[in-house]
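# Analysis of the macromolecular model
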Amino acid sequence: MLVKGWVLDHIKYASKVYPKKKKYASKGVEKTFDLLSVQLKYLLLSKPAKGVEKTFDLLSLLDKILPIYKEVIAELKEAGATWIQFDEATLVKDLEAYQLEAFTKAYAELESACSGLNVLVATYFADVPAEAYKTLTSLPGVTGYTFDLIRGEKSLGLIKSSFPSGKYLFAGIVDGRNIWANDLAGSLAVLESLEAVAGKDKLVVSTSCSLLHTVVDLVNGTKLDDEIKSWLAFAAQKVVEVNALAKALAGQKDEAYFAANAAAQDSRKSSPRVTNEAVQKAAAALRGSDHRPATNVSARLDAQQKKLNLPILPTTTIGSFPQTIELRRVRREYKAKKISEEEYVKAIKEEIFKVVQLQEELDIDVLVHGEPERNDMVEYFGEQLSGFAFTANGWVQSYGSRCVKPPIIYGDVSRPKAMTVFWSSMAQEMTKRPMKGMLTGPVTILNWSFVRNDQPRFETCYQIALAIKDEVEDLEKAGITVIQIDEAALREGLPLRKAEHAFYLDWAVHSFRITNVGVADTTQIHTHMCYSNFNDIIHSIINMDADVITIENSRSDEKLLSVFREGVKYGAGIGPGV
């Protein structure tokens, strides 16, 4: 999530949300409005603007933004709203007592403005801690609460032991962040147990969070075969699941629909496409070792320098070069079989040669081939790994206007054949300078995919790590002496609760080390980390034991680079990303 930078003056309601009065009850539909940037979440996920003291308390702005919320609420009332949803996802984080008190203060201040409205407060993405649960369920003027029961299973215990009488319980039982079909029988059993807690008339079936994280409709999944399709539910199908569960609770169970769902669940569990015994055996063999190189990084850098003979301040680039319309056309036509493989290789080779020539003219020390053959840094590898499936039109929003097509990891992962060696070797033959092999790391592939939910995420990550390890070793055999393994999404996968950080970082960092533990000391391993503010995990990054790390310092006001010289012992190479 991109955080807001606050300027301390002139906070005001910039524009009307609904300029024209609208009535929503004409068709018997009650309209729920989701205020996307909600008061406490908005403040707690923000940061002071440039030039403001770091110690500035953002919650001190609460009194300035509450009047704005009152304006919005009044406008929604006028438009005919009967329900208003406030997203307060930060309640699942580790909040201090004073932060929780701010929630009580804010909702008490808004209570009169919300008079006559049903107010729903939504939490999601994790369990609600016990103290936060007490605060949430005691907020004044609130009609109901939404809980994520997919990633917040422990919240069930709190709900069953102390749910407030007379309040609505919106049970987020259908996964809003992944694409697997719901286990309807299991979900129905959970919902029936919650009826005894909230009451039949106060229990509402819901998705665990917004559906913007999933693909729109399975109907558009034209590249998927029928078996895999039967295991999936995209946004449109999830709405159907919610409706089917609600009807079943009301005594109108669609037996045929539930039977088909049960058959699909059984099919997925027993399909030979899901399980690969050789992969599982290899992953199990990883236990008992931390996969650290036998030689420390200082000795490795000395050995690499003797072989690479780089200058004191060597230069390189991250990897990919801009892709032209013409280049995309060539890839598209090859995919559609409109041009031959020979024509495709010729066109890509010409592009690589241009990139190599340009870098030599600019006197770059460690070259890259520009990746003209690649579509997306995750999709490209997923298309060549077993256990992955892709849709033709499965686009989801990444950030802003950028959309991606995440792979679907449905089974055990392995690498049938080399994925990048052909192109890297071709590029190395064009120059006497070191050509950097370019790979996406296992944690980034995992975090930017729709991951199977029938085994722990770390087990899937270890399988991907073994596949990347095979590629690293084949690149080394082909004479590639510098290999970059990007982990752009390592920080992104960090759990919301601090108590879960250590376990995640342990297996994520371990996965990276698995990928390159077998290389010679003279082979230099790089990693690149962008889009991240990793000050709080710097020790884990050092623990990755890469020879060189490249960061995106140019967009951080020097903050990222300063981490490496403030109280940490970092002996490896660093590319500051200037």
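Everything here concerns the structure above.
Structural notes, computed from the coordinates. (Residues numbered from 1 in each chain as written. Predicted model: local features only at pLDDT ≥ 70, side-chain atom pairs only at ≥ 80, totals over all residues. Heavy atoms only, no water.)

### Notes on the overall build of the protein chain
When you go through the protein chain residue by residue, the secondary structure sums to 20 helices and 17 strands. Taking 25 Å as the expected radius of gyration for a compact globule of 578 residues, we find that the protein chain reaches 26 Å, a close match to that expectation. Taken along the three principal axes of its C-alpha coordinates, the protein chain extends 75 × 60 × 50 Å. In the protein chain, buried positions account for 51% of the 578 residues. Within the protein chain, residue pairs in contact and separated by at least 24 positions form 77% of the contacts whose partners lie at least 6 positions apart. Summed over all atoms, the accessible surface of the protein chain reaches about 28,000 Å², with 53% contributed by carbon and sulfur. (Helix = DSSP H or I, 4+ residues; strand = E, 2+ residues; numbered from the N terminus. Rg over C-alpha atoms; globule rule 2.2 N^0.38 Å. Buried < 20%, exposed > 50% of the residue type's maximum accessible area, 1.4 Å probe, protein only. Contact = heavy atoms within 4.5 Å. Areas by Shrake-Rupley, 256 points an atom, 1.4 Å probe, with all protein chains shown as cover.)

### Digging into the side chain of Ser208
Within the secondary structure, Ser208 is located in the loop between strand 8 (203-207) and helix 7 (226-230). For Ser208, a relative accessible area of 1% gives the class buried. Side-chain polar atoms of Ser208 contact the backbone nitrogen of Gly176, separated by 2.8 Å. Leaving out residues up to four positions away in the same chain, Ser208 has contacts with Thr123, Tyr124, Asp148, Ile150, Gly172, Val174, Asp175, Gly176 and Arg177. (Polar contact = N/O pair within 3.5 Å; in protein donor to acceptor, adjacent residues only side chain to side chain.)

### Observations concerning the nonpolar core
Ile352, Trp423, Ile483, Leu490 and Tyr504 are the most contacted members of the largest nonpolar core, which totals 67 residues. When residues of this core are assigned to their parent elements, the largest contribution, 9 residues, is made by helix 17 (residues 457-477). Those residues in contact with Leu490 that sit more than four places away from it in its chain are Val443, Thr444, Asn447, Tyr504, Leu505, Ala508, Met529, Ile537 and Met544. (Core = buried A, V, L, I, M, F, W, Y, C linked by side-chain atoms within 4.5 Å.)

### Considering the sheet that holds strand 13 (residues 436-440)
With respect to topology, 5 strands assemble into an open sheet ordered 13-14-15-16-17, the strand pairing being parallel. Two strands in the sheet have a free side with no partner beyond their single neighbour: strand 13 and strand 17 (573-575). Averaged over all pairs of adjacent strands, the angle between their axes in this sheet comes to 25 degrees, without regard to strand direction. One ladder, built from 4 bridges, connects strand 15 (residues 524-529) with strand 16 (residues 548-551); its direction is parallel. Among the inter-strand pairings, Thr527 is bridged to a residue of strand 16, identified as Ile549. Sitting on the sheet, helix 18 (residues 501-516) is in contact with strand 14 (482-486) and strand 15, with an inclination near 145 degrees to strand 15. (Pairing = 2+ DSSP bridges. Axes fitted to C-alpha atoms, helices over the stretch in contact; angles between N-to-C directions.)

### So, the layout of surface pockets
Estimates place the volume of the second largest pocket at around 720 Å³. Taken together, 27 residues make up the lining of the second largest pocket; nearest its centre are Pro314, Thr316, Val548, Ile574 and Gly575. In terms of residue count, the dominant contributor to the lining of the second largest pocket is helix 11 (residues 297-308) (4 residues). Among the residues making up the lining of the second largest pocket, the classes are represented as 14 nonpolar, 12 polar and 1 charged. (1 Å grid on protein atoms, 1.4 Å probe; cavity = no way out; pocket = protein on both sides within 12 Å on 5 of 7 lines; lining within 4 Å. Points joined across faces, edges and corners; volume = space filled by probe spheres on them. Nonpolar A, V, L, I, M, F, W, Y, C, P; charged D, E, K, R; others polar.)

### Section: helix 9 (residues 255-270)
For helix 9, which comprises 16 residues, the first-to-last C-alpha distance of 23 Å matches the rise-based estimate of 22 Å (1.5 Å per residue) to within 8%. Among the residues making up helix 9, those that are buried are Phe258, Asn261, Ala264, Gln265 and Arg268. Seen along its axis, helix 9 keeps its buried residues to an arc of 120 degrees; they face one direction. Exposed side chains of helix 9 directed beyond 90 degrees from the buried face belong to Glu255, Ala256 and Ser270. The inward-facing, buried residues of helix 9 abut helix 6 (184-198), helix 7 and helix 8 (235-249). (Expected span 1.5 Å × (residues − 1). Arc of directions from axis to C-beta.)

### A look at the pattern of salt bridges
Under the counting rule described, the total for this entry stands at 27 salt bridges. Residue Arg497 is joined to Asp94 by a salt bridge in which the shortest nitrogen-to-oxygen separation is 3.3 Å. Of this pair, Arg497 sits in the loop between strand 14 and helix 18 while Asp94 sits in the loop between strand 4 (83-87) and helix 3 (97-110), placing them 403 residues apart in sequence. Arg497 gets classed as buried once you look at its relative accessible area, which sits at 18%. (Salt bridge = Lys/Arg side-chain N within 4 Å of Asp/Glu carboxyl O.)

### Regarding empty space enclosed by the protein
Counted according to the given criterion, the structure contains 1 cavity of 30 Å³ or more. One number sums up the size of the largest cavity: a volume of about 30 Å³. Lining the largest cavity are Tyr107, Leu110, Glu111, Cys114, Val119, Pro140 and Gly141.

### Brief notes about the environment of Ile84
Positionally, Ile84 belongs in strand 4. Distance in space between the C-alpha atoms of Ile84 and Leu110 is 12 Å, their sequence separation being 26 residues.

### Thoughts on unusual backbone geometry
Phi is positive for His291, close to 55 degrees, though the residue is something other than glycine. Mapped onto the fold, His291 is located in the loop between helix 10 (277-284) and helix 11. The backbone of Asp545 shows a phi angle near 60 degrees, a positive value even though the residue is not glycine. Of note, Asp545 is situated in the loop between helix 19 (538-543) and strand 16.

### Describing helix 18
Between its first and last C-alpha atoms helix 18 spans 24 Å; for 16 residues at 1.5 Å apiece the expected length is 22 Å, and the two agree. The buried fraction of helix 18 is high, at 13 of 16 residues.

### Topic: the packing of helix 5 (residues 155-162) against helix 6
Axes are the key here: two packed helices are described by the angle between their axes and the distance separating the axes. Where helix 5 contacts helix 6, the two axes come as close as 8 Å, and the packing angle between them is 30 degrees. The pairing of helix 5 with helix 6 is recorded here as roughly parallel in orientation. With respect to the hand of their crossing, helix 5 and helix 6 are arranged in left-handed fashion. Residues Leu156, Ile159 and Lys160 of helix 5 form the contact with helix 6, whose participating residues are Val190, Ser193, Leu194 and Val197. Residues of the contact of helix 5 with helix 6, tallied by class, amount to 5 nonpolar, 1 polar and 1 charged. (Parallel < 35°, antiparallel > 145°, perpendicular 65-115°, else oblique. Left-handed = near helix turned anticlockwise from the far one by under 90°.)

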